[in-house]
Amino acid sequence: MPLLRARALTLATGILLLAGAPPMASRPAHAYGAGIAATGQAPPEQPDPEAGNGLSVEEARAAANRIMKAVQSRDPNLLFAQFSEESKEISSPQMVAERLRTQPELLSWALLSVRGGLNSTTVEASFTTSDGVRDLFIVLNPEGELTGYHFDLTDAKASRVAADFVRSLSRGLYISARSFLSLPLQEELTTATLQSRWLQLQRSTGNFVRVVRVIEASQSDDTRLVLVRTEFNRLTDNLYVILNSNNEITGVDFPQVPNPPQKAPAPAR
């Protein structure tokens, strides 16, 4: 696929690098009822023996349960308190409140596997909301604080995922935007870096105005290329978003030299 290869070459100088590790396989959604904190019972799937990174399995589960309880309470201050210091620097309780207002009510959850990484621990959860059942990966730092998360969007449209990613960036919801990235890519890209790249882009393009059109340009068994045509107040250009077969974003290319602004029509004489 020549177009994919050509765009992939630009990623070394674009915002993101393609993730070097394979994406975490998504699980089918299952409703296990209330979470461990509510039932005291272990879920059907057992965790890895060691969570690693300074967090034991029990510590990781306790931290994940605190986060899920905060979400269920819909208390933005309580949820904000679970954020890592880096996440707090680019968010606020007001931004968390705005995000919570758009989410369905959390009814129950179950914690599944716990997986240790080099710099983080990931807890997999299945949860039931007023809109149905979803799977979630919660990423914790060595202190048990929330540094990122990722929803299972395997059944979503790639074009919708790419558009929602750009719209989250445009609203300053960088933590939410980062949640669309694959977990290996989240390891490489901090929320602060994502914010910096987006603001840097707008120094050339002007402020974001709207997403004009989203096109699924090409697709293979394991890769989708989506063009998000975006209008800024100085110009309109394409943002290239690469997703894997699970609709996890594995690469984004913001134009380093955006198309120059078009000339305005001459006044009628």
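Everything discussed here concerns the structure shown above.
Residues numbered from 1 in each chain as written. Predicted model: local features only at pLDDT ≥ 70, side-chain atom pairs only at ≥ 80, totals over all residues. Heavy atoms only, no water.

Asks: Tell me what's going on with the packing of aromatic side chains, and back it up with residues and numbers.
Replies: For the structure on display, the rule yields seven aromatic pairs. Aromatic side chains F127 and F151 sit 6.1 Å apart centroid to centroid with 55° between the ring planes, which places their arrangement in the tilted category. Remark: F151 occurs in strand β4 (residues 146-151) and F127 occurs in strand β2 (residues 121-129); sequence separation between them is 24 residues. Judged by relative accessible area, which is 7%, F127 ranks as buried. Centre to centre, the rings of W198 and F208 are 6.3 Å apart; their planes meet at 50°, and the pair counts as tilted. Residue W198 is found in helix α10 (residues 191-205), and its partner F208 is found in strand β5 (residues 208-219); the two are separated by ten residues along the sequence. (Phe/Tyr/Trp six-rings, centres within 6.5 Å; stacked < 30°, edge-to-face > 60°. Helix = DSSP H or I, 4+ residues; strand = E, 2+ residues; numbered from the N terminus. Buried < 20%, exposed > 50% of the residue type's maximum accessible area, 1.4 Å probe, protein only.)

Asks: Could you give an account of empty space enclosed by the protein, naming the residues involved and the relevant values?
Replies: Here the structure, examined in full by the defined rule, presents one cavity of 30 Å³ or more. Together, 29 residues line the largest cavity, and V71, L79, R99, Y149 and F151 are the ones closest to its centre. When contributions to the lining of the largest cavity are tallied by element, the ones reaching two or more residues are α3 (57-73), α6 (93-101), β2, β3 (132-140), β4 and α8 (174-178). When residues in the lining of the largest cavity are grouped by element, the largest group, four residues, is from α6. Looking at side-chain class alone, the lining of the largest cavity contains 20 nonpolar, five polar and four charged residues. (1 Å grid on protein atoms, 1.4 Å probe; cavity = no way out; pocket = protein on both sides within 12 Å on 5 of 7 lines; lining within 4 Å. Points joined across faces, edges and corners; volume = space filled by probe spheres on them. Nonpolar A, V, L, I, M, F, W, Y, C, P; charged D, E, K, R; others polar.)

Asks: Residue-level account of the pairing of β2, with values.
Replies: With respect to burial, β2 is a largely interior element, nine of its nine residues being buried. Burial along β2 is two-sided: T121, V123, A125, F127 and T129 facing one way and T122, E124, S126 and T128 facing the other are all buried. Between strand β1 (residues 106-116) and β2, which follow one another and run antiparallel, lie four residues. Here β2 pairs with β3 via nine bridges, running antiparallel. The residue bridging F127 from the neighbouring strand is R134, located in β3. (Pairing = 2+ DSSP bridges.)

Asks: Hey, could you go over the nonpolar core for me, with residue numbers and the actual values?
Replies: Of all hydrophobic cores here, the largest spans 55 residues; its most connected members are I138, F165, W198 and I249. No other element matches the seven residues that α3 contributes to this core. Beyond its immediate chain neighbours, meaning those up to four positions away, F165 contacts A177, F180, L181, L194, I249 and V252. (Core = buried A, V, L, I, M, F, W, Y, C linked by side-chain atoms within 4.5 Å. Contact = heavy atoms within 4.5 Å.)

Asks: Give me the sheet that holds β2: which residues, what numbers.
Replies: As summarised here, the arrangement of the four strands in space is β1-β2-β3-β4, forming an open sheet in which the pairing is antiparallel. The sheet is open, and its two borders are formed by β1 and β4, each paired with just one other strand. This sheet shows a mean twist of 25° between the axes of neighbouring strands, independent of strand direction. Sitting on the sheet, α3 is in contact with β1, β2, β3 and β4, with an inclination near 155° to β1. (Axes fitted to C-alpha atoms, helices over the stretch in contact; angles between N-to-C directions.)

Asks: Tell me about the pattern of salt bridges, residues and numbers included.
Replies: Applying the stated criterion across every chain yields a total of five salt bridges. A salt bridge links E85 to K88; the shortest N-O distance between them is 3.7 Å. One end of the pair is E85 and the other is K88, both in helix α5 (residues 85-89) and three residues apart, which spans about a single turn. Owing to a relative accessible area of 49%, E85 belongs among the partly exposed residues under this scheme. The exposure class assigned to K88 is partly exposed, which follows from its relative accessible area of 24%. Residue R171 pairs with E98 through a salt bridge whose shortest N-O separation is 2.6 Å. Pair noted here: R171 is in the loop between α7 (158-170) and α8 and E98 is in helix α6, with a separation of 73 residues, a long-range link. Residue R171 is classed as partly exposed on the basis of its relative accessible area, which comes to 46%. With relative accessibility at 28%, the residue E98 sits in the partly exposed group. (Salt bridge = Lys/Arg side-chain N within 4 Å of Asp/Glu carboxyl O.)

Asks: Tell me what's going on with α6, and back it up with residues and numbers.
Replies: Every buried residue belonging to α6 is among V96, A97 and L100, and all of these are buried. Taken end-on, α6 shows its buried residues confined to a sector of 105°, consistent with a single buried face. In α6, the exposed residues that point more than 90 degrees away from the buried face are Q94 and R101. Check the buried side of α6 and you find it contacts α3 and α4 (76-80). (Arc of directions from axis to C-beta.)

Asks: Let's hear about the layout of surface pockets: which residues, and what values?
Replies: Within this model, the largest pocket holds a volume of roughly 580 Å³. Forming the boundary of the largest pocket are 22 residues, of which R99, Q103, R160, D164 and F180 lie nearest the centre. For the lining of the largest pocket, the secondary structure elements donating two or more residues are β3, β4 and α7. For the lining of the largest pocket, the leading source of residues is α7, giving five residues. Of the residues that constitute the lining of the largest pocket, the class distribution is eight nonpolar, seven polar and seven charged. A volume near 420 Å³ is recorded for the second largest pocket. N119, S120, V139, Q186 and E187 are the residues nearest the centre of the second largest pocket, which is lined by 20 residues in total. Broken down by element, the lining of the second largest pocket gets its largest block of residues, four residues, from helix α9 (residues 183-188).

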